[in-house]
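These are the residues of each chain, in order.
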Amino acid sequence: MSGRIFTSFSIGLFTIIPAGDPTPNPCGLPIVLGKKGAFGSGEHETTASCLELLPAIPGIKGSHALDLGSGTGILALAAARLGATEVLAVDLEEAAAVSCQENVVLNNLESQITTLCGELSAVEERCFDLILANIYADILLPLADQLVRVTHSGGHLLLSGVPLQDKFDIVQRYTRLGCSVVDSRIGEEFATYLFVRP
(Lines give C-alpha, C1' and ligand atoms only; values in the text may rest on other atoms or scores of the structure.)
Protein backbone atom coordinates (compact mmCIF):
# COMPACT_ATOMS: atom_id res chain seq x y z
CA MET A 1 0.00 0.00 0.00
CA SER A 2 1.27 3.41 -0.88
CA GLY A 3 1.54 6.11 1.72
CA ARG A 4 -0.54 9.25 1.68
CA ILE A 5 0.43 12.67 2.89
CA PHE A 6 -2.16 14.87 4.53
CA THR A 7 -2.29 17.38 7.35
CA SER A 8 -4.95 17.73 10.02
CA PHE A 9 -8.23 19.13 8.79
CA SER A 10 -11.78 19.50 10.06
CA ILE A 11 -15.09 18.29 8.61
CA GLY A 12 -18.22 19.15 10.52
CA LEU A 13 -17.75 18.11 14.15
CA PHE A 14 -14.65 16.03 13.38
CA THR A 15 -10.93 16.72 13.08
CA ILE A 16 -8.94 14.21 11.01
CA ILE A 17 -5.38 13.86 12.33
CA PRO A 18 -2.52 11.94 10.68
CA ALA A 19 -0.94 9.42 13.07
CA GLY A 20 2.08 10.89 14.81
CA ASP A 21 1.02 14.50 14.27
CA PRO A 22 0.24 16.75 17.23
CA THR A 23 -3.41 17.34 18.05
CA PRO A 24 -4.37 20.69 16.58
CA ASN A 25 -5.93 23.46 18.63
CA PRO A 26 -8.85 23.90 18.28
CA CYS A 27 -9.80 20.28 17.70
CA GLY A 28 -13.18 18.70 17.08
CA LEU A 29 -13.94 15.04 17.77
CA PRO A 30 -10.56 13.51 16.89
CA ILE A 31 -10.14 10.76 14.30
CA VAL A 32 -6.52 9.60 13.98
CA LEU A 33 -5.64 7.86 10.72
CA GLY A 34 -2.49 6.00 9.73
CA LYS A 35 -0.57 7.60 6.90
CA LYS A 36 -0.77 4.50 4.76
CA GLY A 37 -3.68 2.29 4.05
CA ALA A 38 -7.03 1.98 2.37
CA PHE A 39 -9.26 4.57 0.74
CA GLY A 40 -10.88 7.12 2.98
CA SER A 41 -8.99 9.85 4.81
CA GLY A 42 -11.94 12.21 4.62
CA GLU A 43 -10.97 14.50 1.78
CA HIS A 44 -13.15 12.74 -0.81
CA GLU A 45 -16.59 14.31 -1.23
CA THR A 46 -18.40 11.04 -0.42
CA THR A 47 -16.61 10.59 2.91
CA ALA A 48 -16.95 14.30 3.74
CA SER A 49 -20.70 14.19 3.05
CA CYS A 50 -21.11 11.20 5.37
CA LEU A 51 -19.14 12.92 8.13
CA GLU A 52 -21.32 16.02 7.77
CA LEU A 53 -24.58 14.03 7.96
CA LEU A 54 -23.62 11.55 10.71
CA PRO A 55 -23.97 13.83 13.78
CA ALA A 56 -27.57 14.70 12.90
CA ILE A 57 -28.74 11.07 12.82
CA PRO A 58 -31.12 10.56 15.74
CA GLY A 59 -30.32 7.80 18.19
CA ILE A 60 -26.70 7.32 17.13
CA LYS A 61 -25.60 7.39 20.77
CA GLY A 62 -25.94 3.86 22.12
CA SER A 63 -26.64 2.42 18.67
CA HIS A 64 -25.36 -0.71 16.95
CA ALA A 65 -23.92 0.17 13.54
CA LEU A 66 -22.54 -1.59 10.47
CA ASP A 67 -19.91 0.09 8.29
CA LEU A 68 -19.94 -1.86 5.02
CA GLY A 69 -16.95 -1.30 2.74
CA SER A 70 -15.19 0.32 5.66
CA GLY A 71 -11.83 1.10 4.03
CA THR A 72 -9.78 2.96 6.65
CA GLY A 73 -12.72 2.71 9.05
CA ILE A 74 -13.20 6.48 9.14
CA LEU A 75 -17.01 6.25 9.27
CA ALA A 76 -16.91 3.53 11.92
CA LEU A 77 -14.52 5.68 13.95
CA ALA A 78 -16.80 8.70 13.55
CA ALA A 79 -19.87 6.71 14.67
CA ALA A 80 -17.97 5.46 17.71
CA ARG A 81 -16.86 9.02 18.56
CA LEU A 82 -20.53 10.03 18.43
CA GLY A 83 -21.35 7.36 21.01
CA ALA A 84 -22.32 4.26 19.01
CA THR A 85 -22.02 1.36 21.45
CA GLU A 86 -20.94 -1.21 18.89
CA VAL A 87 -19.75 -0.77 15.30
CA LEU A 88 -18.95 -3.66 12.98
CA ALA A 89 -16.57 -2.57 10.19
CA VAL A 90 -16.64 -4.95 7.22
CA ASP A 91 -14.54 -4.86 4.06
CA LEU A 92 -13.91 -7.42 1.32
CA GLU A 93 -10.26 -6.39 0.98
CA GLU A 94 -7.90 -7.83 3.56
CA ALA A 95 -5.60 -4.82 3.25
CA ALA A 96 -8.52 -2.52 4.08
CA ALA A 97 -9.53 -4.63 7.09
CA VAL A 98 -5.93 -4.50 8.37
CA SER A 99 -5.77 -0.73 7.83
CA CYS A 100 -9.10 -0.30 9.62
CA GLN A 101 -7.99 -2.36 12.61
CA GLU A 102 -4.77 -0.31 12.87
CA ASN A 103 -6.83 2.88 12.94
CA VAL A 104 -9.18 1.45 15.58
CA VAL A 105 -6.13 0.82 17.78
CA LEU A 106 -4.71 4.30 17.07
CA ASN A 107 -7.98 5.76 18.35
CA ASN A 108 -8.28 3.42 21.38
CA LEU A 109 -11.73 2.32 20.21
CA GLU A 110 -11.22 -1.46 20.34
CA SER A 111 -14.05 -1.78 22.88
CA GLN A 112 -16.55 -0.26 20.40
CA ILE A 113 -15.36 -1.33 16.93
CA THR A 114 -14.88 -4.83 15.55
CA THR A 115 -13.19 -5.28 12.17
CA LEU A 116 -14.13 -8.10 9.82
CA CYS A 117 -12.73 -9.09 6.42
CA GLY A 118 -15.74 -10.40 4.52
CA GLU A 119 -19.01 -9.42 2.91
CA LEU A 120 -22.54 -8.58 3.97
CA SER A 121 -23.62 -12.23 3.97
CA ALA A 122 -21.25 -12.79 6.93
CA VAL A 123 -23.45 -10.60 9.17
CA GLU A 124 -26.92 -11.32 7.79
CA GLU A 125 -28.04 -12.92 11.05
CA ARG A 126 -27.61 -9.58 12.82
CA CYS A 127 -29.68 -6.40 12.83
CA PHE A 128 -28.39 -2.85 13.13
CA ASP A 129 -29.72 0.59 14.07
CA LEU A 130 -27.46 2.29 11.54
CA ILE A 131 -25.96 1.20 8.21
CA LEU A 132 -22.99 3.13 6.81
CA ALA A 133 -22.11 2.22 3.22
CA ASN A 134 -19.81 4.49 1.24
CA ILE A 135 -19.52 2.14 -1.73
CA TYR A 136 -20.50 2.18 -5.39
CA ALA A 137 -24.07 2.29 -6.67
CA ASP A 138 -23.50 -0.95 -8.57
CA ILE A 139 -23.06 -2.60 -5.15
CA LEU A 140 -25.74 -0.62 -3.29
CA LEU A 141 -28.41 -1.57 -5.85
CA PRO A 142 -28.10 -5.39 -5.74
CA LEU A 143 -27.57 -5.35 -1.95
CA ALA A 144 -30.62 -3.16 -1.29
CA ASP A 145 -32.89 -5.97 -0.03
CA GLN A 146 -30.19 -7.33 2.28
CA LEU A 147 -29.20 -3.91 3.62
CA VAL A 148 -32.79 -2.98 4.42
CA ARG A 149 -33.39 -6.41 5.96
CA VAL A 150 -30.47 -6.03 8.42
CA THR A 151 -31.69 -2.56 9.48
CA HIS A 152 -34.01 -2.33 12.49
CA SER A 153 -37.38 -0.68 12.00
CA GLY A 154 -36.80 3.04 12.54
CA GLY A 155 -33.10 2.56 11.78
CA HIS A 156 -31.09 4.63 9.31
CA LEU A 157 -29.07 3.86 6.20
CA LEU A 158 -26.38 6.37 5.20
CA LEU A 159 -25.46 5.51 1.61
CA SER A 160 -22.75 7.25 -0.37
CA GLY A 161 -20.45 6.75 -3.34
CA VAL A 162 -23.43 7.13 -5.66
CA PRO A 163 -22.46 8.67 -9.03
CA LEU A 164 -24.89 11.45 -9.97
CA GLN A 165 -26.19 9.48 -12.96
CA ASP A 166 -27.27 6.68 -10.58
CA LYS A 167 -28.92 8.77 -7.85
CA PHE A 168 -32.49 8.33 -9.10
CA ASP A 169 -32.03 4.55 -9.33
CA ILE A 170 -30.81 4.43 -5.72
CA VAL A 171 -33.66 6.56 -4.40
CA GLN A 172 -36.24 4.56 -6.35
CA ARG A 173 -34.80 1.21 -5.24
CA TYR A 174 -34.71 2.01 -1.54
CA THR A 175 -38.05 3.86 -1.46
CA ARG A 176 -39.70 0.86 -3.14
CA LEU A 177 -38.45 -1.14 -0.16
CA GLY A 178 -40.31 1.25 2.14
CA CYS A 179 -37.45 3.56 3.08
CA SER A 180 -37.79 7.35 3.08
CA VAL A 181 -35.12 9.94 2.28
CA VAL A 182 -34.40 11.99 5.40
CA ASP A 183 -31.48 14.05 4.10
CA SER A 184 -29.06 14.17 1.19
CA ARG A 185 -25.94 15.81 -0.14
CA ILE A 186 -25.44 16.25 -3.87
CA GLY A 187 -21.75 16.82 -4.62
CA GLU A 188 -19.88 17.57 -7.82
CA GLU A 189 -19.72 13.91 -8.86
CA PHE A 190 -21.45 11.86 -6.17
CA ALA A 191 -24.62 11.84 -4.10
CA THR A 192 -25.09 10.79 -0.47
CA TYR A 193 -28.45 9.79 0.97
CA LEU A 194 -29.74 9.24 4.48
CA PHE A 195 -32.74 6.90 4.52
CA VAL A 196 -34.90 5.77 7.40
CA ARG A 197 -36.49 2.32 7.43
CA PRO A 198 -40.15 2.22 8.48
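Just above, that's the structure.
Conventions and cut-offs
Residues numbered from 1 in each chain as written. Predicted model: local features only at pLDDT ≥ 70, side-chain atom pairs only at ≥ 80, totals over all residues. Heavy atoms only, no water. Buried < 20%, exposed > 50% of the residue type's maximum accessible area, 1.4 Å probe, protein only. Helix = DSSP H or I, 4+ residues; strand = E, 2+ residues; numbered from the N terminus. Axes fitted to C-alpha atoms, helices over the stretch in contact; angles between N-to-C directions. Parallel < 35°, antiparallel > 145°, perpendicular 65-115°, else oblique. Contact = heavy atoms within 4.5 Å. Nonpolar A, V, L, I, M, F, W, Y, C, P; charged D, E, K, R; others polar. Pairing = 2+ DSSP bridges.

Novice: Would you mind going over helix H2 (residues 74-81) with me for this structure?
Specialist: Each turn of an α-helix holds 3.6 residues, which means side chains three or four residues apart point in the same direction. Within H2, seven of the eight residues are buried, leaving the element largely enclosed by the surrounding structure. Looking only at H2, the buried set comprises Ile74, Leu75, Ala76, Leu77, Ala78, Ala79 and Ala80. Backbone geometry just downstream of H2 places Gly83 in the positive-phi region, at approximately 105°.

Novice: What is the right way to read the packing of helix H1 (residues 45-53) against H2 from this model?
Specialist: When two helices pack together, their arrangement is given by the angle between the helix axes and the distance between those axes. Close contact between H1 and H2 brings their axes to 11 Å; oriented N to C, the two are set at 10°. Between H1 and H2, the angle is such that the two are roughly parallel. Taken together, the residues of H2 that come into contact with H1 (itself represented by Thr47, Cys50 and Leu51) are Ile74, Leu75 and Ala78. For the contact of H1 with H2, the class distribution of residues is five nonpolar, one polar and no charged.

Novice: How do you make sense of the sheet that holds strand E8 (residues 151-163) when you look at a structure like this?
Specialist: Note: strands within a sheet are paired through backbone hydrogen bonds, in either parallel or antiparallel orientation. Strand order across the open sheet formed by seven strands is E6-E5-E4-E7-E8-E10-E9, with mixed pairing between neighbours. Either end of the sheet is taken by a strand with one partner, and the two such strands are strand E6 (113-117) and strand E9 (180-186). Looking at each pair of strands side by side, their axes are set apart by 15° on average, direction ignored. Summarising the sheet, strand E4 (residues 64-68) and strand E7 (residues 128-134) pair through four bridges and their orientation is parallel.

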